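Architecture at a glance
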Amino acid sequence: MSRIQCPRCLRPQTHCLCPLIPSLDSRTRVLLLQHPSEVNHALNTARLAALGLKNAELIVGEVFEDLPALLNQPGYQARLLFPGEEAQPMQAYTANDEPLLLVVPDGTWRKARKMLHLNPLLAALPRVTLAEGGVSRYRLRKAPGPGALSTVEAIVQALQTLESPVSFEPLLKPFEALIEGQIAAMGEEVFQRNHGPR
C-alpha cells in the first residue's frame, strides 16, 4: 500500500518537508529543467529549490518545445549552469548588471548531457560554472568527483556568488532534513558501511 504523499513536496506526509521550505526572493531567475527520471526520486532536490525560491520555475521533460519563450524572459540574460571549456566562473552582480536567468539541468550528468543534445538551443547558451572546491553535504551518493554538488546545493552556491552578501542557506534546511531522514530510515550501521569514511 502506498503512503499518503504531500502534494507540494511529494514526500510521504509523515515526512513532509514543507514547514522547512523557505520563501526566498532573488534577483536571479532560476529555470530548472528536470529529467523525468528525477521526479519520483526520493532525493528530489530540484523540487526543493523551486519551492523555496519565489523567482524559480521547474519544468519536467527531455525535449522542451517552448524553450525559446522560456529563455527569452524580458529583463534577464540566460546562462546555462553547466561545466564546459567555454564556461565562465560566476561573479557577483555589479549595480548595473542585468540579472541572470540561470538555466539548471537536473538529472545525472549523462541525462543532463542528453538534454543538451536534444535541445540545441540549451547547448548554445553561454555557460557559467561554480567556483572550484564546493563540498557537498550530500552524504548518500558517491559524488563523481570533487566539487560535484546536488542541484539545490549548486543553486545555493550560484545565488550566493551572484547576489553576495545575501544568504540562501535556508534553502538547504529541507535538504539536510531529507538526508537525515534517509540516514535514519536506513539505520546508522548501514549508512556507515555504505557511505561512511573510507
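As annotated in an unreviewed UniProt entry, the chain carries the name tRNA-uridine aminocarboxypropyltransferase and comes from Pseudomonas cucumis. Of the comments in the UniProt record for the chain, the one headed Sequence similarities (unreviewed entry) reads "Belongs to the TDD superfamily. DTWD2 family."

**Notes on the overall build of the chain**
When you go through the chain residue by residue, the secondary structure sums to 7 helices and 6 strands. Shown N-terminal to C-terminal, the secondary structure of the chain runs as helices and strands in the order β-α-β-α-β-β-β-α-α-β-α-α-α. Buried residues in the chain amount to 42% of all 198 residues. Counting only contacts in the chain whose residues sit at least 6 apart along the sequence, the fraction spanning at least 24 positions is 73%. Entry remark: accessible area of the chain is about 10800 Å², with carbon and sulfur atoms responsible for 54%.

**Let's talk about the pattern of salt bridges**
For the coordinates displayed, the defined rule picks out 3 salt bridges. The partner of D25 in a salt bridge is K54, with the nearest N and O atoms 3.5 Å apart. Here D25 is found in the segment before strand 1 (29-34), whereas its partner K54 is found in the loop between helix 1 (45-52) and strand 2 (56-60), with 29 residues between them in sequence. K54 shares its class with D25; the two are exposed. One salt bridge connects E57 with R29, and the closest N-O pair in it is separated by 3.1 Å. Of this pair, E57 sits in strand 2 while R29 sits in strand 1; the two residues are 28 residues apart in sequence, bridging distant segments of the chain. Looking at E57, the relative accessible area reads 27%, which means it is partly exposed.

**What to know about helix 5 (residues 151-162)**
With 12 residues, helix 5 should cover 16 Å at 1.5 Å per step; its first-to-last C-alpha distance of 16 Å lies within 8% of that length. A large share of helix 5 lies buried, amounting to 9 of its 12 residues. When we look at burial in helix 5, the residues that qualify are T151, V152, E153, A154, I155, V156, A158, L159 and L162. Buried residues belonging to helix 5 abut strand 1, helix 1, strand 3 (77-81), strand 5 (100-106) and helix 6 (172-186).

**Let's talk about unusual backbone geometry**
A cis amide bond links S164 to the next residue, P165, at an omega of 5 degrees. Counting through the fold element by element, P165 comes out in the loop between helix 5 and helix 6.

**A short note on the packing of aromatic side chains**
Summed over all chains, the structure comprises 1 aromatic pair. The side chain of R27 reaches across the aromatic face of Y93, ending 4.4 Å from its centre.

**Considerations on the pairing of strand 5**
Burial analysis of strand 5 places 7 of its 7 residues in the buried class, the great majority of the element. Side chains L100, L102, V104 and D106 project from strand 5 onto one buried face, and the interleaved L101, V103 and P105 project onto a second face that is buried too. Relative to strand 5, strand 1 is paired through 6 bridges, and the arrangement is parallel. In the sheet register, L33 faces strand 5, and the bridge partner there is P105. Relative to strand 5, strand 3 runs parallel, the two being bridged by 4 bridges.

**Some points on the environment of N119**
Within the fold, N119 resides in the loop between helix 3 (109-118) and helix 4 (120-123). Residue classification places N119 among the buried residues on the basis of a relative accessible area of 4%. Separated by 55 residues in sequence, N119 and F64 have C-alpha atoms that sit 7.0 Å apart. Those residues within four positions of N119 in sequence are excluded, and the remaining contacts are E62, V63, F64 and L67.

Analysis parameters
Residue numbers run consecutively from 1 along every chain, following the written order of its sequence. With the structure being a predicted model, the display of local features is reserved for residues of pLDDT at least 70 and the display and counting of side-chain atom pairs for 80 or more, all residues being used for whole-chain, interface and lining totals. Only heavy atoms go into the side-chain values, all of them from the structure, while hydrogens and water stay out. UniProt positions are given in the numbering used here, feature names are shortened, and annotations may be inferred rather than shown by experiment. Secondary structure elements follow DSSP: runs of H or I of four or more residues count as helices, runs of E of two or more count as strands, with numbering from the N terminus. Throughout, exposure labels follow a simple rule: accessible area from a 1.4 Å probe, protein chains only, divided by the maximum for the residue type, with under 20% read as buried, over 50% as exposed, and the rest as partly exposed. The contact rule is simple, with two residues in contact once any of their heavy atoms fall within 4.5 Å. Working definition of accessibility: Shrake-Rupley area with a 1.4 Å probe, residue cover restricted to the visible protein chains. Counted as salt bridges are all cases of a side-chain nitrogen of Lys or Arg within 4 Å of a carboxyl oxygen of Asp or Glu. A helix is expected to reach a length of 1.5 Å times the quantity of its residues less one. Working definition: a ring pair exists when centres of Phe, Tyr or Trp rings (six-membered ring for Trp) sit within 6.5 Å. Plane angles under 30 degrees give stacked, over 60 give edge-to-face, the rest tilted. The criterion for a charge sitting over a ring is simple: Lys NZ or Arg CZ within 6 Å of the ring centre, and within 35 degrees of the ring normal. Any two strands with at least two DSSP-identified bridges between them are counted as paired.

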